[in-house]
Amino acid sequence: MTKEKRIGTIKEELQAAEDTSLPFFIEEYETDARSGVQKLVEQAKKRLQKLEAEKKRIYALQEYERKYPDAALICGIDEVGRGPLAGPVVAGAVILPKNCEILYINDSKKLSPAKREELYDVIMEQAIAVGLGQASPQRIDEINILQATYEAMREAINNLGVTPDILLNDAVTIPQVEIPQVPIIKGDAKSISIGAASIVAKVTRDRMMVTYDSEYPGYGFADNKGYGSAAHIAALKELGATPIHRQTFIRNFL
């Protein structure tokens with residue numbers, strides 16, 4: 001009988017329970033009169049409420065995708081790394097399945113590093129296609145950051161392996177691209193496709209900066225990801241520039 005089961009055991013069951021099994025957990029234990037068990041049931045109900053709220057948020061995040069029902073392949077595009085003093089700018093292009101139900105996708109800046117890594121794996125597994133592009137610090141210095149960003153985005157589109165029917169872009173219209181485009185201001189928080197692209201681009205670039213940290217120690221690239229933190233600027237003044245620094249971005253510090 002349920003009452004013979006220790007509360008600690010039931011707690012362990014709840015901790016291990018997948019979201020989909022929460023209704024079964026609640027059904028099994030909601031008639032258990034013990035206060036400790038009832039607290040666990042309430043926890044399960046709150047988890048279930050949060051899950052339902054997240055599903056509604058994800059449905060709302062597909063608003064732009066639903067505007068184009070005739071488009072078989074809708075591609076979200078976003079970039080990461082326009083502002084740092086060092087490292088490349090990286091663009092991501094992601095085509096998700098219709099009515100994609102990957103939960104917790106959001107603007108990558110609103111997610112923890114651990115959540116981004118988790119979602120990166122899910123996106124890479126479930127996406128119809130993923131393309132990445134980048135522009136080096138040298139290229140950024142050569143043609144400026146905006147043009148380098150466009151170049152990285154075009155590369156990401158070309159690396160998809162398929163041709164999208166429409167592009168949902170975070171804020172910009174990409175020159176020299178013939179595919180129909182829809183620029184969306186703050187699109188990484190309004191479109192599930194753009195949000196997915198922002199996560200893929202962010203994780204990819206962060207991993208690159210961690211690698212650069214071991215190649216060029218002393219600048220804290222693993223932590224600051226090339227952005228101009230106080231420690232990074234101090235190291236730049238003390239150690240000088242590395243090959244991955246953007247010369248046009250660091251003139252005022254050297």
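Residues numbered from 1 in each chain as written. Predicted model: local features only at pLDDT ≥ 70, side-chain atom pairs only at ≥ 80, totals over all residues. Heavy atoms only, no water.

(A) Representation of the overall build of the chain within the structure. Tallying secondary structure elements over the chain gives 11 helices and 5 strands in all. Here the C-alpha radius of gyration of the chain, 23 Å, is well above what a compact globule of 254 residues would show, namely 18 Å. For the chain, the spread of C-alpha atoms along the principal axes amounts to about 75 × 50 × 25 Å. Counting all 254 residues of the chain, 47% fall into the buried class. If you take every contact in the chain between residues at least 6 apart in sequence, the share linking residues at least 24 apart comes to 65%. Put simply, the chain shows about 13,100 Å² of open surface, and 52% of that area lies on carbon and sulfur atoms. (Helix = DSSP H or I, 4+ residues; strand = E, 2+ residues; numbered from the N terminus. Rg over C-alpha atoms; globule rule 2.2 N^0.38 Å. Buried < 20%, exposed > 50% of the residue type's maximum accessible area, 1.4 Å probe, protein only. Contact = heavy atoms within 4.5 Å. Areas by Shrake-Rupley, 256 points an atom, 1.4 Å probe, with all protein chains shown as cover.)

(B) Here's a closer look at the nonpolar core. With 23 residues, the main nonpolar core has Cys-75, Ile-77, Val-89, Ile-157, Leu-167 and Ile-174 as its most contacted residues. Listing elements by their share of this core, those giving two or more residues are β1 (74–80), β2 (89–95), β3 (129–135) and α7 (145–158). Here this core gets 7 residues from one element, more than from any other, and that element is α7. With residues near it in sequence (within four places) discarded, Ile-174 still touches Ile-77, Tyr-150, Met-153, Arg-154, Ile-157, Asn-169 and Gln-181. Counting 20 residues, the second largest nonpolar core, distinct from the first, contains Cys-100, Leu-103, Ile-105 and Ala-196. (Core = buried A, V, L, I, M, F, W, Y, C linked by side-chain atoms within 4.5 Å.)

(C) Focus on the environment of Leu-103. Mapped onto the elements, Leu-103 comes out in the loop between β2 and α5 (113–126). Sequence spacing of Leu-103 and Lys-56 is 47 residues, and the spatial spacing of their C-alpha atoms is 9.9 Å.

(D) Seen up close, the side chain of Thr-149. In this fold, Thr-149 is placed in helix α7. Classification of Thr-149 as buried rests on a relative accessible area of 1%. Among all residues touching Thr-149, those that are not within four sequence positions of it are Glu-79, Arg-82 and Val-89.

(E) Quick peek at the state of the cysteines. Per the stated rule, a full pass over the model turns up 0 disulfides. Considering cysteine sulfurs only, Cys-100 is the nearest to Cys-75, which forms no disulfide, with 13 Å between them. Judged by relative accessible area, Cys-75 falls into the buried class, the value being 0%. (Disulfide = S-S within 2.5 Å.)

(F) Geometry of the sheet that holds strand β5 (residues 181–184). Spatially, 5 strands are ordered β3-β2-β1-β4-β5 in an open sheet, and the strand pairing comes out mixed. At either margin of the open sheet sits one strand with a lone partner, and together these are β3 and β5. The sheet shows a mean angle of 20 degrees between the axes of neighbouring strands, taken without regard to direction. Sheet analysis places strand β4 (residues 166–170) next to β5, joined by 4 bridges and oriented parallel. Paired with Leu-167 across the two strands is Gln-181, which belongs to β5. (Pairing = 2+ DSSP bridges. Axes fitted to C-alpha atoms, helices over the stretch in contact; angles between N-to-C directions.)

(G) Examining unusual backbone geometry more closely. Its identity as a non-glycine residue notwithstanding, Asn-99 has a phi of 55 degrees, on the positive side. Secondary-structure assignment places Asn-99 in the loop between β2 and α5. Asn-99 sits in the exposed class, given a relative accessible area of 63%. Residues other than glycine seldom take positive phi values, yet Lys-225 does so here, at roughly 55 degrees. Mapped onto the elements, Lys-225 comes out in the loop between α9 (221–224) and α10 (230–239).

(H) A look at α10. Listing the buried residues of α10 in full gives His-232, Ile-233, Ala-235 and Leu-236. Within α10, the buried residues cover an arc of 160 degrees as seen down the axis, which keeps them to one side. Opposite the buried face of α10, by more than 90 degrees, sit the exposed residues Ala-230, Ala-231, Lys-237 and Glu-238. Where α10 is buried, its residues contact α9 and α11 (247–250). (Arc of directions from axis to C-beta.)

(I) How the structure looks around the packing of helix α2 (residues 22–29) against helix α3 (residues 35–60). Viewed as axis vectors pointing N to C, α2 and α3 meet at an angle of 155 degrees, and their least axial separation amounts to 9 Å. On the basis of the axis angle, α2 is roughly antiparallel to α3. Between α2 and α3 the crossing geometry is left-handed. For the pair α2 and α3, contact is made by Leu-22, Pro-23, Phe-25, Ile-26 and Tyr-29 and by Val-37, Gln-38, Leu-40, Val-41, Ala-44, Lys-45, Arg-47 and Leu-48, respectively. Split into classes, the residues belonging to the contact of α2 with α3 amount to 10 nonpolar, 1 polar and 2 charged. (Parallel < 35°, antiparallel > 145°, perpendicular 65-115°, else oblique. Left-handed = near helix turned anticlockwise from the far one by under 90°. Nonpolar A, V, L, I, M, F, W, Y, C, P; charged D, E, K, R; others polar.)

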